[in-house]
Amino acid sequence: MSEEAINAIIEKYRGQPSSLIHALVEIQHTNHWLPREVMHQVAGALQVPFAQVMQIASFYKTFSLTPKGRHEVHVCTGMTCHLRGAAGLQAKVEELTGLTDGQTDADAKFTFATGACLGSCSIAPELIVDGKHYGRMTPDKVEDVLKQYE
Amino acid sequence: MPKLQSAAELEKFRAKLLANRDNTKPCIAVCAGAACDGLDSATVAAAFKAAAAPFGDRIEVRTTGCHGYCERGPNVVVTPGDICYFEVSPADVPEVIAATLKGEVVERLVYHDPATGARAVHMADVPFYKHQTRLLMGDNPKIDPMKIDDYLALGGYAALVKALTTMSPEQVLDEVKKANLRGRGGGGFPAGLKWETTRNAPEKTKYVIVNGHEGESAAFMDRAMLTGNPHKILEGLIIGAYAIGAQKGFMYTRHDMPLLEKHVRNALAQAAQYGLLGKNILGSGFDFECELHFDVGIFVSGESSALMRSIEGNPPEPRPKYIRTSVSGIWDKPSNLNNVETWANVPQIIEKGADWFTSIGSEKSKGTKLISLSGHVLNSGIVEVPMGTPLRTLVFDIGGGVRDGKTLKAIHFGGAMGGSIPADLIDAPLDFDGMSKLGAPIGAGGLLLMDEDTDMVEVARYLMDFLTKESCGKCVPCREGMAQMLQILTGITQGQGAPGDIERLQDLIEVTGVASLCALGKTSGDPLKSMFRYFKPEYEARIAAGSDAK
C-alpha cells in the first residue's frame, strides 16, 4: 500500500469533519490497518481532534490498529453457524494456527478473527479466508483449507 | 446513454429496450447470492460464459442476485420456462448448454423430492418455491444487478414515473398510509405515519435513509435484496423522498460485503446517469441525491439514532429519543429511516395501489414478509410469504422440516433480541402483533429452527454473549447488566448454577430493560423471557443438577 493512495483518500476529505468514518473505512479497506501517523494525518486534514479519531478507530471492529497477516481467517460465529458447530471450527483453527480471536502470528501469515453474521447461513458453519467462503465446514477439513495459503 | 428528461422519454426508452429483447431466447441465470457464492458459483458462472460464447446471440448467460433456495446452491434458472437446476457444478455446464439450445431439460439436475423421488422442473412446481408469494424476491433471477436496463425492462421506475407525473406528494403519502405498510426492520411501525411526521416537521432540509445494516444474526434477506435488485430499493427511496419532501438520501449498509457495495455504487451511478437521481428528475422539478455509507462493525449501528450519528461521522451511539429521529435526526434535521425491505415495498404500492396491497396478508399486517430460514432446517434460504401464513407452512411445506431426521424443539425469531417458542406453537400465524405476544417478535425476519438436541440454556448464553460484545457501553445498566446475566448463564451451563439464579436473572432483565436507552439494552432480556415462559423446567433442572454436584 503506497503512501500516495492513503494521501489521496485523506485529501479527498480534507476539511470535512463529517467524513471521518468514510476516510477511516477507505484507508482500512485499502491498507488493512490504521498506522498511528496516518490517524494523525487524518485528524489534521479533517480538522477533528486526534482523540476522536482514536475513539472510533480503537473501539469498532472494522478497524485494526496493528498490521494484519497476509491472510485473514474468519470463523463465522453467527447464530446458525453456532447452532451447527462453529465452536468446533474455531477450536480447530486456534489449534492449527496457535492464534486466539484477534491475533496475528509472528510470521504475519494469518490473522484470525471471529465475526457475525455474514449472511451465508444456509451453508453454515463456515470458514472465510481472505473473503473466500468455505461453507459446510467440519473441523477435519480446516487443515486442508489453511494449507492452501502461504 | 443521455439523461432522460421526462417521463415520456423514459417510457420511449423502455419500449425500445423491450423491442430489442427476445423473450424466447434462452437465458441461463446463475445465482451469485451469498450462499451460492460460498459454494463457488463464480466458477460455475464463468464456465457458462465460456461455454456459451461460441453460440453468440443464440443464448444468454446472466449472473444474478440470490434466487432464494440457498440450501441447493449453486442455483441456475433457465428461461423461458423457469427451469430450476440445483447444485450445479462446472462439469454440468456443457450438458445444460446443449439441452437448453435444444429446448430440453437435464433431468438429473432438476428437483427430486428426497422422500418420494417426485421431480419438479419449473420453479412454480418446486416445493420450496410453490408455497411462496415472491413479490419482492421474484425478480432476482431476471436481473443482472449491474444493469439498470434489466430493471427497466421489468417495469422498473414506472412507479416513480407514476408518482412524479400523476400524484402529488400528499397523494403518495396517503397511498402508503392507506396500504398500512409496516416497518420491516423489527418495529412494525406504520411507515406512512413515520413519513408524515418527517414531512410535517418544520425544518426545510429533510433526509431519508435506507437502513441496510442488517446486524441481526441469521437474517440475510436485506443483503439479498440490496445486492440482487438495488434499483427496487432506490426507486422506493426516491418515491419516499418525493412524498416527504427530502432532498437527500443515505444508504447505510455493511462494510463487509464487497459485492453489495459494488452493486449499490453502480446502481447509484447508473440512476444518476439516466437522470433518475440529481436535479429535476424526469423534468418534474424534484431534486434528489443519494449517498452510500458503511457501518463500522458494531451491531448497535443499526439502531436509528446511532446510525444517524454514524452518518454524521460520529461514533454510532444511540441517544435518548424524547424527540424522534423523524423530527430531529441527522444534523438535527428531520430524518426518515426505513429498512431495506420496507423501501422495496413502496414501488409496488404506488404502482398497484393500496387496495391491492391490503388484499395480501393478515388483518393487521399487510403484504408479504421476507424470511431468512436457517438453523436446523432442511431447506435453508430466503422465503417470501404473505403475512399471516402459518409458521407450519414456513417450517414444513417450504422448509422441509428439521434436518437429519430429528424432531423440532423450538422456533426462534428475531435474532439476539428475539425469542424462542416451542414446537407446539407451530400453527401460529406470521404476524407482527401475534408473534410479539407469543414472545418471539418477527424482528427483521430471521427464523431459526432448533432440533431436539438443542440446549436452550446454551442458546440464551450464546445470545447474551453476543449482545454483551455488541453493547456500545454508553448505558451502564446495559453494559454491566448484561455482563452479570452472562456470568450467571455461563455458570448454569457449566454446572455451577445456584438456587435463586432465575430470580436474579429476572431482576437483571427488568432493570436492564427499563434503564437502557436503546432497543439493544431494553430487549436484551427478551430471549431469556421467552425461555422462562416456555422452557423453564430445562433451566430449573440444570440449576438443580449444578447445586447437587457441589
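Criteria and cut-off values
- Residues numbered from 1 in each chain as written.
- Chains lettered and ligands numbered in written order.
- Predicted model: local features only at pLDDT ≥ 70, side-chain atom pairs only at ≥ 80, totals over all residues.
- Helix = DSSP H or I, 4+ residues; strand = E, 2+ residues; numbered from the N terminus.
- Contact = placed C-beta atoms within 7 Å.
- Buried ≥ 20, exposed ≤ 12 C-beta atoms within 10 Å, placed from the backbone.
- Arc of directions from axis to C-beta.
- Pairing = 2+ DSSP bridges.
- Axes fitted to C-alpha atoms, helices over the stretch in contact; angles between N-to-C directions.
- Nonpolar A, V, L, I, M, F, W, Y, C, P; charged D, E, K, R; others polar.
- Core = buried A, V, L, I, M, F, W, Y, C linked by C-beta atoms within 7 Å.
- Domains from an automatic or database assignment.
- Parallel < 35°, antiparallel > 145°, perpendicular 65-115°, else oblique.
- Left-handed = near helix turned anticlockwise from the far one by under 90°.
- pLDDT = per-residue confidence, 0-100.
- Right-handed = clockwise from strand over helix to strand, strands pointing away.

Examining the environment of B:E216
Next up, step 1: Among the structural elements, B:E216 can be located in the loop between strand 7 (207-212) and helix 10 (221-228).
Next up, step 2: Other than its neighbours up to four places away in sequence, B:E216 contacts B:G415, B:G443, B:A444 and B:G446.

Regarding helix 4 (residues 93-102) of chain B
Residues and elements named next belong to chain B.
Next up, step 1: Along helix 4, the positions that sit buried rather than exposed are V93, V96, I97 and T100. Each buried residue of helix 4 lies within a common arc of 100° when the element is viewed along its axis, so the set occupies one face. Exposed residues pointing more than 90 degrees away from the buried face of helix 4 are listed as P94, A98 and K102.
Next up, step 2: Residues of helix 4 that are buried sit in contact with strand 1 (27-31), helix 3 (41-52), strand 3 (76-79) and strand 4 (83-85).
Next up, step 3: Backbone geometry just after helix 4 places G103 at a positive phi near 75°.

Focus on the sheet that holds strand 2 (residues 60-64) of chain B
All names here are of chain B.
Next up, step 1: Strand order across the open sheet formed by four strands is 2-1-3-4, with mixed pairing between neighbours. For this open sheet the edge positions go to strand 2 and strand 4, each flanked by a neighbour on one side alone. If you compare each strand with its neighbour and ignore which way they point, the axes differ by 20° on average.
Next up, step 2: As defined by bridge partners, strand 3 adjoins strand 4 across three bridges and the pair is classed as antiparallel. Its bridge partner being in strand 4, V76 is matched across the sheet by Y85.

A closer look at the interface of chain A and chain B
Quoted interface sizes are often the accessible area lost when the parts come together.
Next up, step 1: Contact residues are listed per partner, giving 30 residues for chain A and 34 residues for chain B.
Next up, step 2: Contributing elements (two or more residues each) for the side of chain A that touches chain B: helix 2 (20-31), helix 4 (50-59) and helix 5 (79-83) of chain A.
Next up, step 3: The greatest single-element share of the side of chain A that touches chain B, amounting to four residues, is contributed by helix 5 of chain A.
Next up, step 4: For the side of chain A that touches chain B, the class distribution of residues is 15 nonpolar, 13 polar and two charged.

Here's the deal with the nonpolar core
Next up, step 1: The biggest cluster of nonpolar side chains holds 211 residues, and the ones touching the most others in it are A:L24, B:V30, B:V176, B:I239 and B:L394.
Next up, step 2: When residues of this core are assigned to their parent elements, the largest contribution, nine residues, is made by helix 11 (residues 230-244) of chain B.

Focus: the domain arrangement of chain B
Residue and element names in this part refer to chain B.
Next up, step 1: Each domain of chain B was delimited in the assignment, giving domain 1 (22-126), domain 2 (156-358), domain 3 (368-451) and domain 4 (456-549).
Next up, step 2: Of note, the centres of domain 3 and domain 4, computed from C-alpha atoms alone, are 23 Å apart.
Next up, step 3: On the domain 4 side, the residues contacting the ten residues of domain 3 number 16 residues.
Next up, step 4: The leading source of residues in the side of domain 3 that touches domain 4 is strand 14 (residues 419-422), at four residues.
Next up, step 5: The residue inventory of the side of domain 3 that touches domain 4, partitioned by class, reads six nonpolar, four polar and no charged.

What about the domain arrangement of chain A?
Next up, step 1: The domain architecture assigned to chain A consists of domain 1 (3-59) and domain 2 (71-147).
Next up, step 2: The C-alpha centroid of domain 2 of chain A is placed 29 Å from the C-alpha centroid of domain 1 of chain A.

Description of the sheet that holds strand 14 of chain B
Residue and element names in this part refer to chain B.
Next up, step 1: A sheet is described by the order of its strands in space; here five strands give the open sequence 12-11-15-13-14, paired in mixed fashion. Each of the sheet's edge strands pairs with one partner strand only, and the pair in question is strand 12 (381-386) and strand 14. Strand after strand, the sheet turns through a mean of 30° between neighbouring axes, direction not considered.
Next up, step 2: Relative to strand 15 (residues 446-451), strand 13 (residues 408-413) runs antiparallel, the two sharing five bridges. Following the sheet pairing, F413 is matched in strand 15 by L447.

Observations regarding the packing of helix 2 of chain A against helix 3 (residues 36-46) of chain A
All names here are of chain A.
Next up, step 1: At a closest axis distance of 11 Å, the pairing of helix 2 and helix 3 adopts a crossing angle of 150°. When the axis of helix 2 is compared with that of helix 3, the two are roughly antiparallel. When you trace helix 2 past helix 3, the crossing you get is right-handed. Residues L20, A23, L24 and I27 of helix 2 pack against V38, V42 and L46 of helix 3.
Next up, step 2: Of the residues assigned to the contact of helix 2 with helix 3, the class counts are seven nonpolar, no polar and no charged.

With respect to the confidence of the model for chain A
Next up, step 1: With 99% of its residues at a pLDDT of 70 or more, chain A has an overall mean of 92.
Next up, step 2: Looking over chain A, one finds the lowest element-wise mean pLDDT in strand 4 (residues 132-134) of chain A, namely 90, and the highest in helix 3 of chain A, namely 96.

Things to note about the pairing of strand 8 (residues 248-253) of chain B
Residues and elements named next belong to chain B.
Next up, step 1: The buried fraction of strand 8 is high, at five of six residues.
Next up, step 2: Across six bridges, the pairing between strand 7 and strand 8 is parallel. Counted as the bridge partner of G212 is T253 from strand 8.
Next up, step 3: Direction of pairing for strand 8 relative to strand 9 (residues 289-294): parallel, over a ladder of six bridges. Counted as the bridge partner of Y252 is H293 from strand 9.
Next up, step 4: As for the winding sense of the linkage, the β-α-β connection from strand 8 through helix 12 (residues 258-273) to strand 9 is right-handed.

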